[in-house]
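For reference, the chains in residue letters:
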Amino acid sequence: RLCESCASIGSLCTRGHDPSFLSWKCTYCCSVARWFCWGHTHMCDSCHTHVEAGTLRWAAGTGCALAERCPLGVSHGPHGTQFSLGCSACRP
């Protein structure tokens, strides 16, 4: 398991902000993650609630084919993988 600092290698802020400013895509959907659980999984509020209730439904390897279709407006790997959205302190 990787801590957030180690998981962010290659995604660090070019302006020198602390790794705690990195935002992450939810592991299970195309939303901004607000939770970091089990030392390896970033989740949005909705997916976290479903995990706690045992009702989360998702399919590994699915996701957005094009950045234009992604609600986050970014090109990213399939659901089930970790993806940094970059530094929240630098975003407008």
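Everything discussed here concerns the structure shown above.
A brief look at the structure comes next. Think of each chain on its own: its residues are numbered from 1, step by step along the sequence as written. Residues qualify for local features only when their pLDDT is at least 70, as the model is predicted, and side-chain atom pairs are given and counted only at 80 or more; totals for whole chains, interfaces and linings, by contrast, use all residues. Side-chain numbers here rest on the full set of heavy atoms in the structure, without hydrogens or water.

## Concerning the overall build of the protein chain
Each helix is a run of DSSP H or I of at least 4 residues and each strand a run of E of at least 2, with the numbering of both proceeding from the N terminus. Scanning the protein chain from terminus to terminus reveals two helices and four strands. The order of α-helices and β-strands along the protein chain, N terminus first, is α-β-β-β-α-β. Per-residue accessibility, obtained with a 1.4 Å probe over protein chains only, is compared with the maximum for each type, and a residue is labelled buried under 20%, exposed over 50%, and partly exposed between these values. Relative to its 92 residues, the protein chain shows a buried fraction of 28%. For this analysis, residues touch if any pair of their heavy atoms sits within 4.5 Å. Of the contacts formed within the protein chain by residues at least 6 apart in sequence, a portion of 42% connects residues at least 24 apart. A 1.4 Å probe and the Shrake-Rupley method give the accessible areas. Residues count as covered only by the protein chains that appear here. Carbon and sulfur atoms make up 54% of the accessible area of the protein chain, which amounts to about 5,700 Å² in all.

## Here's the deal with unusual backbone geometry
Non-glycine residue Trp 38 carries a positive phi angle of around 60°. Looking at the element boundaries, Trp 38 is found in the loop between β2 (35-37) and β3 (41-43).

## What about the nonpolar core?
What tends to happen in soluble globular proteins is that the nonpolar side chains get buried as a cluster. As used here, the term nonpolar core means buried Ala, Val, Leu, Ile, Met, Phe, Trp, Tyr and Cys residues forming a set that is joined through side-chain atoms within 4.5 Å. Formed by Cys 26, Tyr 28, Cys 29, Cys 37, Met 43, Cys 44, Cys 47 and Leu 56, the largest nonpolar core amounts to eight residues. Once residues lying within four places of it in the same chain are set aside, the contact partners of Tyr 28 are Trp 38, Thr 41, Met 43, Cys 47, Val 51, Leu 56, Trp 58 and His 79.

## Things to note about the environment of Cys 30
Position of Cys 30 relative to the elements: it lies in the loop between β1 (22-24) and β2. By relative accessible area, which is 13% here, Cys 30 ends up buried. In this structure the C-alpha to C-alpha distance between Cys 30 and His 79, which are 49 residues apart in sequence, comes to 8.2 Å. Leaving out residues up to four positions away in the same chain, Cys 30 has contacts with Cys 64, Cys 70, Pro 71, Leu 72, His 76 and His 79.

Any functional reading would require information that these geometric values do not contain.
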